[in-house]
Amino acid sequence: MTEIAISGAGIGGLVTALCLKYQGFDVTVFEADTEIRALGVGINIMPHASKLLIELGLGRQLDELGIRTRCIEYRTKFGHLIQSDPRSVEAGFEAPQYSIHRGELQAMLASEVKKRLGNSAIKLGKPVVGFRQGDGFVTILFEDGSKLDVNLFVDASGLHSKIRKQMNPFEGPLCYEGTMMFRGATETDLIGDGKTMVIAGDHDVKFVTYPISECARQSGRALTNWVAEIRHSKPRHINDADWGRGATIDFVKPFEDFFMHDMNLIEIMKKTEVVTEYPMVDRNPLLSWVEGNVALLGDAAHPMYPIGANGASQAILDAWAIAHCLSEEPNTGGLKAYEFARLPITTDVVESNRKGGPEKVLDIAAARVSGPNDRIEDLISSSELKQVASSYKKIAGIEKNRV
Ligand SMILES: Cc1cc2nc3c(=O)[nH]c(=O)nc-3n(C[C@H](O)[C@H](O)[C@H](O)COP(=O)(O)OP(=O)(O)OC[C@H]3O[C@@H](n4cnc5c(N)ncnc54)[C@H](O)[C@@H]3O)c2cc1C
């Protein structure tokens, strides 16, 4: 029996464990943290990735935790609707897009891993610091000095992966786009239909908000996730980017002239108890993710700007692909087949996100709209808008006929 180890019990590592089990493998996940804490705020699972989670039997849990996002609305800072991009099953997708609390998703996945692979399948408080290739096996090195020999090792330890560093010792620092993201989640009245993601402003000052709790929605309220993005602000903590770093609420000024008919941005931000800050960072795409019996996956392999809400979805697609490839060839050949299938696609997503991804429509509108009385339809043609949306969907694999 092939022994497989995974480092990192984030979304990528846990879904990989579930996919490998689905293909008949037993795996152990090693997580640096001493507990699975409900960290992070909202993330999105795109239809092409939620379809795979549903195939794994997690549809009910997704419906209980997350919101089935009806559409994404792109708006100017004056509140004009630039484009409404439907995301629902009713709009033709084979599976829903879910907006969900990252920490709740992670906790649910961890509980499923324990249920399906046994309580000892996740080892907490075991940071992985490196590996040594053997003949047909790999030795995993842990921070506490212990070692473990396994046949295959999948590293899903995220943005600061030490395994990626060992494979690429001369890789430079993180690439910073110039934008700081301030984030939080707070309970509010329902905004609109309670199922819409709103992205407003432009590349320099942008506000993103969406509801993330079905439980709150059913009681007529919303757990509203928001991200305030400000470009050219003072860069802070770039190389030690940490999703959990706290922020003070001293950044709202650029949003004072935003007007949305259905929400008060400043009030939402100011009433949020825990606000965090995170720089928009990624890394240059690698030419390879596999070294012998070791493969990178998720953010360890292809960290990307959280534009187009694709980080978790691409990690889930990796997980499905690696398990499928290993089921056909449970050795380094399977790892190379996974790399062959996934590396070019994620490279395109990283590069497209650097150019604004689907949010390019915001900049097109911002350059042409001068005030609240302008009419969008006089300034931008619908074919121009459609072209931006469809080209990103093609790159990220979210086209209706491909999910
Ligand atoms: C705490 C946290 C909060 C986040 N919050 C958000 C958010 O609010 N919105 C958003 O869009 N994205 C967020 N992200 C990023 C998002 O989860 C990822 O982009 C995406 O899900 C891909 O996941 P991943 O599994 O590849 O990496 P991650 O989700 O980063 O998971 C990596 C896992 O590896 C563990 N780890 C790190 N180093 C080691 C090591 N040496 N040995 C073993 N384990 C290790 C980490 O503790 C973590 O559990 C967050 C990530 C983290 C870690």
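Residues numbered from 1 in each chain as written. Predicted model: local features only at pLDDT ≥ 70, side-chain atom pairs only at ≥ 80, totals over all residues.

1. Quick look at the overall build of the chain
When its secondary structure is counted, the chain shows 12 helices and 19 strands. Taking 22 Å as the expected radius of gyration for a compact globule of 403 residues, we find that the chain reaches 21 Å, a close match to that expectation. With respect to the principal axes defined by its C-alpha atoms, the chain has extents near 70 × 45 × 40 Å. Among the 403 residues that make up the chain, the fraction classed as buried is 48%. Here the contacts in the chain between residues at least 6 apart in sequence split such that 74% fall between residues at least 24 apart. (Helix = DSSP H or I, 4+ residues; strand = E, 2+ residues; numbered from the N terminus. Rg over C-alpha atoms; globule rule 2.2 N^0.38 Å. Buried ≥ 20, exposed ≤ 12 C-beta atoms within 10 Å, placed from the backbone. Contact = placed C-beta atoms within 7 Å.)

2. Let's talk about the sheet that holds strand E10 (residues 138-142)
Pairing within the open sheet is antiparallel, and its 3 strands lie in the order E9-E10-E11. Lying at the two open borders of the sheet, with one neighbouring strand each, are strand E9 (128-133) and strand E11 (147-150). Looking at each pair of strands side by side, their axes are set apart by 25° on average, direction ignored. Here E10 runs beside E11; their pairing, made up of 4 bridges, is antiparallel. The partner of Val138 across the bridge, within E11, is Val150. (Pairing = 2+ DSSP bridges. Axes fitted to C-alpha atoms, helices over the stretch in contact; angles between N-to-C directions.)

3. Some points on the pairing of strand E12 (residues 152-155)
Of the two faces of E12, the one lined by Leu152 and Val154 and the one lined by Phe153 and Asp155 are each fully buried. Where strand E1 (residues 4-7) and E12 come together, 4 bridges link them in parallel fashion. Looking across to E12, one finds that Ile4 is bridged to Leu152. Alignment of E12 against strand E19 (residues 294-296), held across 3 bridges, turns out to be parallel. Along E19, the bridge assignment pairs Asp155 with Leu296.

4. Observations concerning the environment of Gly184
Relative to the helices and strands, Gly184 resides in strand E13 (residues 175-189). A count of 21 C-beta atoms within 10 Å places Gly184 in the buried class. Sequence-wise, Gly184 and Ile268 are 84 residues apart; in three dimensions their C-alpha atoms are separated by 9.3 Å. Excluding residues that lie within four positions of it along the chain, Gly184 makes contacts with Val41, Trp226, Met269, Thr272, Val274, Val275 and Thr276.

5. Examining the sheet that holds strand E8 (residues 122-123)
Taking strand neighbours across the sheet as the criterion, the 6 strands line up as E8-E2-E1-E12-E19-E18 in an open arrangement whose pairing is mixed. Here the strands that pair on one side only, and so sit at the sheet edges, are E8 and strand E18 (290-291).

6. A word on the pairing of E13
Here E13 pairs with strand E17 (residues 276-282) via 6 bridges, running antiparallel. Directly across from Tyr176, in E17, lies its bridge partner Val281. Judged from the 11 bridges that link them, E13 and strand E16 (residues 221-231) form a sheet pairing that is antiparallel. The residue of E16 that forms the bridge with Thr186 is Thr224.

7. Description of the nonpolar core
Judged by nonpolar contacts, the single largest core of 109 residues is most densely connected at Leu14, Val29, Ala295, Leu297, Ile316 and Ile322. Setting aside residues no more than four positions away along its own chain, Ala295 makes contact with Val154, Trp289, Val290, Ile322, Leu335, Tyr338 and Glu339. (Core = buried A, V, L, I, M, F, W, Y, C linked by C-beta atoms within 7 Å.)

8. Description of the environment of Gly308
On the secondary structure map, Gly308 appears in the loop between E19 and helix H8 (311-328). Take Gly308: there are 24 C-beta atoms within 10 Å of it, and that puts it in the buried class. Sequence-wise, Gly308 and Leu286 are 22 residues apart; in three dimensions their C-alpha atoms are separated by 21 Å.

9. Re the packing of H8 against helix H9 (residues 332-354)
Interhelical geometry of H8 versus H9 gives an angle of 160° and a closest axis separation of 7 Å. Taken together, the axis directions place H8 and H9 in an arrangement best described as roughly antiparallel. Of the two possible hands of crossing, H8 and H9 adopt the one that is right-handed. Every residue of H9 that contacts H8 at Gln314, Leu317, Asp318, Ala321, Ile322, Cys325, Leu326 and Glu328 is listed here: Gly334, Ala337, Tyr338, Ala341, Arg342, Thr346 and Val349. Grouping the constituent residues of the contact of H8 with H9 by class yields 9 nonpolar, 3 polar and 3 charged. (Parallel < 35°, antiparallel > 145°, perpendicular 65-115°, else oblique. Left-handed = near helix turned anticlockwise from the far one by under 90°. Nonpolar A, V, L, I, M, F, W, Y, C, P; charged D, E, K, R; others polar.)

10. Considerations on H8
Residue pairs spaced three or four apart in an α-helix point in one direction, given the helix's 3.6 residues per turn. Taking 1.5 Å per residue, 18 residues should reach 26 Å; H8 reaches 26 Å between its end C-alpha atoms and fits that length. Among the 18 residues of H8, 15 are classified as buried, and the element is accordingly described as predominantly covered. (Expected span 1.5 Å × (residues − 1).)

11. Here we look at the packing of helix H1 (residues 11-22) against H8
Following both chains from N to C, one finds H1 and H8 inclined at 30°, their axes separated by 8 Å at the closest point. Between H1 and H8, the angle is such that the two are roughly parallel. For the element pair H1 and H8, the recorded crossing hand is right-handed. Residue-level inspection shows Ile11, Gly12, Val15, Thr16, Cys19, Leu20 and Tyr22 of H1 in contact with H8, the latter providing Ala312, Ala315, Ile316, Asp318, Ala319, Trp320, Ile322, Ala323 and Leu326. For the contact of H1 with H8, a count of residues per class yields 13 nonpolar, 2 polar and 1 charged.

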